[in-house]
Amino acid sequence: MTAPRGPRAAAAAEGLRAAFRKASGPRATAAAEGPRAAFRKASGPRARRLGLALIAAALLAGCATGTTEADPGATVPDAPSAASGTVAPPDPSRTPEGRTPDGTLLVADFGSDTVTFVDPGREGSGKDGAPIASVEVGTAPYGLVVGEDGRAWVATAEGVAVVDTQQRTRLALIPYATESGPVTTGEYRGGGMGIALAPDGKHVYVGVNVPGEDGVVEVIDTATREVTGTAPVGMRPFDVDVSPDGREVYATGHDSFDVTAVAADTLKTRRMEVAPYGTEGGLGSWLKPHYAVVRPADGTLLLPFEGERLAVLDPRTGKVTIERMTADTHQHGAALAPDGTLLVVGTGPIGSDDEEPSLTVRAPDGTERVVPLEGPHEDVAVSADGSTAYVTGGFTRDGYWNGITVVDLDDEKSEPVRLTAGNRPLGIAVL
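Residues numbered from 1 in each chain as written. Predicted model: local features only at pLDDT ≥ 70, side-chain atom pairs only at ≥ 80, totals over all residues. Heavy atoms only, no water.

Quick look at the side chain of Ser383
- Following the sequence through the fold, Ser383 ends up in the loop between strand 24 (380-382) and strand 25 (388-392).
- Residue class for Ser383 comes out buried when judged on its relative accessible area of 10%.
- Looking at Ser383, its side chain comes within polar contact range of the main-chain nitrogen of Ser387, at 3.2 Å.
- Contacts of Ser383, omitting those with residues within four sequence positions, involve Pro338, Thr388, Tyr390 and Val430. (Helix = DSSP H or I, 4+ residues; strand = E, 2+ residues; numbered from the N terminus. Buried < 20%, exposed > 50% of the residue type's maximum accessible area, 1.4 Å probe, protein only. Polar contact = N/O pair within 3.5 Å; in protein donor to acceptor, adjacent residues only side chain to side chain. Contact = heavy atoms within 4.5 Å.)

Points about unusual backbone geometry
- At Glu306, a residue that is not glycine, the phi angle is positive and equals roughly 60 degrees.
- Inspection of the secondary structure puts Glu306 in the loop between strand 17 (301-305) and strand 18 (309-314).
- Exposure remark for Glu306: the relative accessible area of 2% places this residue in the buried category.
- One non-glycine residue with positive phi stands out, namely Arg424, at about 55 degrees.

Quick look at the environment of Arg397
- Turning to its location among the elements, Arg397 is positioned in the loop between strand 25 and strand 26 (403-408).
- The spacing of Arg397 and Pro376 is 21 residues in sequence and 8.8 Å in space, taken between C-alpha atoms.

A word on the nonpolar core
- Core analysis: the largest hydrophobic core is formed by 16 residues, its most contacted members being Tyr250, Val259, Val274, Leu301, Leu303, Phe305 and Leu313.
- Counting residues per element, the ones that place at least two in this core are strand 14 (258-263), strand 17 and strand 18.
- Contact partners of Leu313, with chain neighbours within four places excluded, come to Val259, Met272, Val274, Thr300, Leu301, Leu303, Gly318, Lys319 and Val320.
- Listed in part, the 15 residues of the second largest apolar core include Val145, Trp153, Ala155 and Ala172. (Core = buried A, V, L, I, M, F, W, Y, C linked by side-chain atoms within 4.5 Å.)

Observations concerning the sheet that holds strand 15 (residues 269-273)
- With antiparallel pairing, the 4 strands of this open sheet are ordered in space as 12-13-14-15. Only two strands of the sheet have a single partner each, and these edge strands are strand 12 (237-242) and strand 15. Adjacent strand axes in the sheet meet at a mean angle of 20 degrees when their direction is disregarded.
- Two elements, strand 14 and strand 15, share 5 bridges in a ladder whose sense is antiparallel. Across the sheet, residue Val262 finds its bridge partner in strand 15, namely Thr269. (Pairing = 2+ DSSP bridges. Axes fitted to C-alpha atoms, helices over the stretch in contact; angles between N-to-C directions.)

A look at a negative patch on the surface
- A cluster of acidic side chains, namely Asp385, Asp408, Asp410 and Asp411, defines a negative patch on the protein surface.
- Within the secondary structure, Asp411 is located in the loop between strand 26 and strand 27 (417-420). (Patch = residues over 30% accessible without salt bridge, like charges linked within 9 Å, V, L, I, M, F, W, Y side chains within 5 Å. Areas by Shrake-Rupley, 256 points an atom, 1.4 Å probe, with all protein chains shown as cover. Salt bridge = Lys/Arg side-chain N within 4 Å of Asp/Glu carboxyl O. Lys, Arg positive; Asp, Glu negative; His and termini not counted. Charge placed at Lys NZ, Arg CZ, Asp CG, Glu CD.)

Points about the packing of aromatic side chains
- Enumeration according to the criterion identifies 4 aromatic pairs in this entry.
- Summarising the aromatic geometry, the rings of Phe110 and Tyr142 are spaced 6.0 Å apart at their centres and angled 80 degrees between planes, so their arrangement reads as edge-to-face. You can see Phe110 sitting in the loop between strand 1 (105-109) and strand 2 (114-119) and its partner Tyr142 sitting in the loop between strand 3 (130-136) and strand 4 (144-146), a full 32 residues away along the chain.
- On the accessibility criterion, Phe110 (1% relative accessible area) is buried.
- Three or more aromatic residues joined by ring pairs form one cluster here, namely Phe110, Tyr142, Phe238 and Tyr291.
- The ring of Trp401 is capped by Arg418, whose NZ or CZ atom sits 3.8 Å from the centre of that ring. (Phe/Tyr/Trp six-rings, centres within 6.5 Å; stacked < 30°, edge-to-face > 60°. Lys NZ or Arg CZ within 6 Å of the ring centre and 35° of its normal.)

A word on the pairing of strand 7 (residues 169-175)
- Direction of pairing for strand 6 (residues 159-164) relative to strand 7: antiparallel, over a ladder of 6 bridges. Bridge pairing links Val160 to Ile174 in strand 7.
- Hairpin geometry of strand 6 and strand 7 is characterised by an intervening segment of 4 residues between the two adjacent antiparallel strands and by a positive phi of about 55 degrees at Arg168.

Brief notes about the confidence of the model for the protein chain
- Mean pLDDT for the protein chain: 84, with 80% of residues reaching 70 or above.
- Overall, residues 1-61 carries pLDDT values under 50, and its contacts beyond four positions in sequence, including any with other chains, amount to 102 contacts.
- In the model, residues 64-84 has pLDDT below 50 throughout and makes 64 contacts with residues more than four positions away in sequence or in other chains. (pLDDT = per-residue confidence, 0-100.)

Now the structure itself:
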C-alpha cells in the first residue's frame, strides 16, 4: 500500500512548494548549475547522493525553472524557427469536412484549453505539415490517450475530456471525484496528468495531482463516462501505464520517487521505490522519475534518468536493475516503437556540464543513437510503422516552443523537421 502522509507531512510539503515557487527565473537556474556541475563530476554513488543535497540547497527545483504559470509567449532564445513563439492557426481546408485522416497527430495544448489536430505533412515527414483544427477540452490539458474506437481521453485541470477524433468535437467532460483545489494552469496545477486506457478499452485510468499531497488514480468506465473508483498513489503522477494483460495500472510518482501498482479489479496498491540516485533532496531533487513505458515482452517498466541510467522495474518483485544510457541530459517523455526501440526525450541541461536537448533512439539490444534537437521538448509518439518519431516542444518548464519536431528513425543522416503546431503542446498521439 502507499504510505500515508499525515497533516504534518502535507504542511511540510506545502512549505517546500511555496519556497520552490519563489525560486524561479534565470538567477535561480544559474544558482543550481554550480552544485549540479560538482555533482556530475563527483564519482561513485555516495558522492552523487551528496551532490543531491547541494542541489536542494541551491534550488527547490522539482522539475521547473522560471514561472510555474503557462506563458504562451515564451520562446527558445535564438531559435531560428517561426515555431518558437507563435501559435499557428488551424487550416481546416487540409482535410475533408467531418473526417480526420489516419496518421493525423493529436496534441494536448497545455498553454490553452484545447487539443490540436495536426497534418504531419508529406508521408508523415513534417514537411509542409500544419494544424488542421483545434477543439476546446478544458483548462491546461496534459496527457491524452486514444482508443481503437477513435475516442480520445484528455486529462485536463477540470476533468477528463472525451473527444470524437473523427468529427473533431468534444463529447463530454468528466469531473474528477477527487478534490484537487482551484482550477489553475502551470506545471503544479491540480487535476489530471498521466492517463492510460485498458487493453480492452473498457476503462480509462487518470493520475490526479493534489498539490502538496499524495495523488490518486481515478478509474473511468468508458461506457457510462463516470468515475467508478479511486486509488491512492504517489505525489504528482506524471505518467500512468497499464500492464499488457490489463491486470495492473502503474502510476509514476514524480515527487515521491516511486511507481504505485494498482490492481485493476480490487484497486489495492503496492508502492515500489524507483530512485537510482537516492531520494536525498526530496522535492528539491532533479533526479526523479518522470515517464515510463511497459515492455510487452516481459511486462517490465522502463524509466529513463538523466540520459545516464535506465531503471528497469520488475513490478512482480519490485526489483530495479540499472542499464547505462548515453545522452547525458535531463529526460522526460518516452515511447516504444513496434519493434521494441525505446525513444526518450532529452529536455536539455539542468547543469553547466549537461548536454543539450535530444531524442535517444535505443535499440532492444541497448545500443543508442542520440539525435540532437533544437530547444526543449517534452513527450514523444511514434508512427504506426515505427519509421517516424514526433516530439512535442511544449515542455513543462520555461523555454518551450509551439511545435513538433519530426525525426526520421530510418534515415540517420536526415535532419529533424520542425513543424509549427499547438500551444505549448505536451501529450501527443498518432491517430
